[in-house]
Amino acid sequence: MWKTIKNYITPFSFNKLLPSLIALVGGLFIANLLCKAFEKLLVKSRLEPSLHSFLISLFRILIYVILFLIVASTMGFDLTSLIAVLSVLSLAISLAVQGTLANIAGGIQILASRPFKKGDYVEVGGNSGTIKEIRLSYTVLNTMDNREVFIPNSDAASARIINYNAEGKRRVDILVDVGYGYDTALVKKALLECCNQKEILADPPVLVALNEYRDSTVQYIIRAWCNTQDYWNVNFAIKEQLQDVLAQHGIEMSYPHINVHMDK
């Protein structure tokens, strides 16, 4: 160990101290200017703001490592051995925290590609909820029953993502089964009366159509468009009116059943 330390100290002489100090002060000044320029560049970019602080820190570390090597070279240290030691040390650290690095890489990918943002209602790998926070290591999801789900970003980046807020509006699809024997126009008129909520958009217009002839029922479909934040209100409001409105028109909602006829 002493020989190693001596090998580093031997090339050093005090007559190199002044140039080293000049290199250090000048390097710090230039590094500060570069970091400010990089920060301004990020502000003008379209990258997610949550990613800015991480990239600035990474850029600052890179600048300081380069500055350290320049000052060490000015002082007469052997950079070949120093770089070799730093390489081995960085490899050991990366292997020790490879899981964390994978999550950080996933976080950078999410923040750069922006498949969702804070406040979006999404489905990520089987988990549904509102995005509460996007961090470098994991994404926080708030479910409908007010539970917080922490999803590692390495999983979120490779998972199937459905963003329900991306387009700003959603379609409410409701299937209704009635018995055979009812007039189709009458059923469609009754179902259309259930779609009287002010949250339902006029364009595209509400669609009510006969969807399928099933074994024991006739299935109709209601398709109504609304803003994403009104989806559940519209969905529940239509369903709550169905039975009463159909009953007013003398139509009975049906369910799958089997009619058995016996001949004597």
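See the structure printed just above.
Everything quoted here is computed from the prediction, not taken from an experiment.

Parameters at a glance
- Residues numbered from 1 in each chain as written.
- Predicted model: local features only at pLDDT ≥ 70, side-chain atom pairs only at ≥ 80, totals over all residues.
- Heavy atoms only, no water.
- Core = buried A, V, L, I, M, F, W, Y, C linked by side-chain atoms within 4.5 Å.
- Buried < 20%, exposed > 50% of the residue type's maximum accessible area, 1.4 Å probe, protein only.
- Helix = DSSP H or I, 4+ residues; strand = E, 2+ residues; numbered from the N terminus.
- Contact = heavy atoms within 4.5 Å.
- Salt bridge = Lys/Arg side-chain N within 4 Å of Asp/Glu carboxyl O.
- Pairing = 2+ DSSP bridges.
- Axes fitted to C-alpha atoms, helices over the stretch in contact; angles between N-to-C directions.
- Patch = residues over 30% accessible without salt bridge, like charges linked within 9 Å, V, L, I, M, F, W, Y side chains within 5 Å.
- Areas by Shrake-Rupley, 256 points an atom, 1.4 Å probe, with all protein chains shown as cover.

A word on the nonpolar core
Here's step 1: Core analysis: the largest hydrophobic core is formed by 23 residues, its most contacted members being Val176, Val178, Leu191, Ile222 and Ile238.
Here's step 2: Going through the elements one at a time, strand E6 (169-178), helix H7 (184-193), strand E8 (218-227) and helix H8 (231-248) are the ones with two or more residues in this core.
Here's step 3: Here the element with the most residues in this core is H8; it accounts for six residues.
Here's step 4: In contact with leucine 191, not counting residues within four places along its chain, are Val176, Val208, Tyr220, Ile222, Leu242 and Leu246.
Here's step 5: Within the second largest apolar cluster, ten residues are counted, among which are Val122, Ile134, Leu141 and Ala156.

Re the pattern of salt bridges
Here's step 1: Applying the stated rule across the entire model yields six salt bridges.
Here's step 2: In this structure, aspartate 120 engages lysine 117 in a salt bridge whose closest nitrogen and oxygen atoms are separated by 3.4 Å.
Here's step 3: Its relative accessible area of 5% is what places aspartate 120 among the buried residues.
Here's step 4: Judged by relative accessible area, which is 46%, lysine 117 ranks as partly exposed.
Here's step 5: The partner of arginine 147 in a salt bridge is aspartate 145, and the shortest N-O contact between them spans 3.1 Å.

Section: the sheet that holds strand E1 (residues 121-124)
Here's step 1: Ordered in space as E4-E3-E2-E1-E5, the five strands form an open sheet in which the pairing is antiparallel. Taken across any chain shown, the strands that pair with only one partner, and hence form the sheet edges, are strand E4 (148-152) and strand E5 (161-163). Going across the sheet, the axis of each strand differs from the next one's by a mean of 40°, ignoring polarity.
Here's step 2: As paired strands, E1 and strand E2 (residues 127-134) are joined by four bridges and run antiparallel to one another. Each bridged residue has a counterpart across the sheet, and for glutamate 123 the counterpart in E2 is serine 128.

Quick notes on a nonpolar patch on the surface
Here's step 1: Where nonpolar side chains cluster on the molecular surface, the patch consists of Leu21, Leu24, Val25, Leu28 and Tyr64 and spans about 430 Å² of accessible area.
Here's step 2: Per-element tally for the nonpolar patch: the top contributor is helix H2 (residues 17-44), with four residues.
Here's step 3: When you line up the elements, leucine 28 lands in helix H2.

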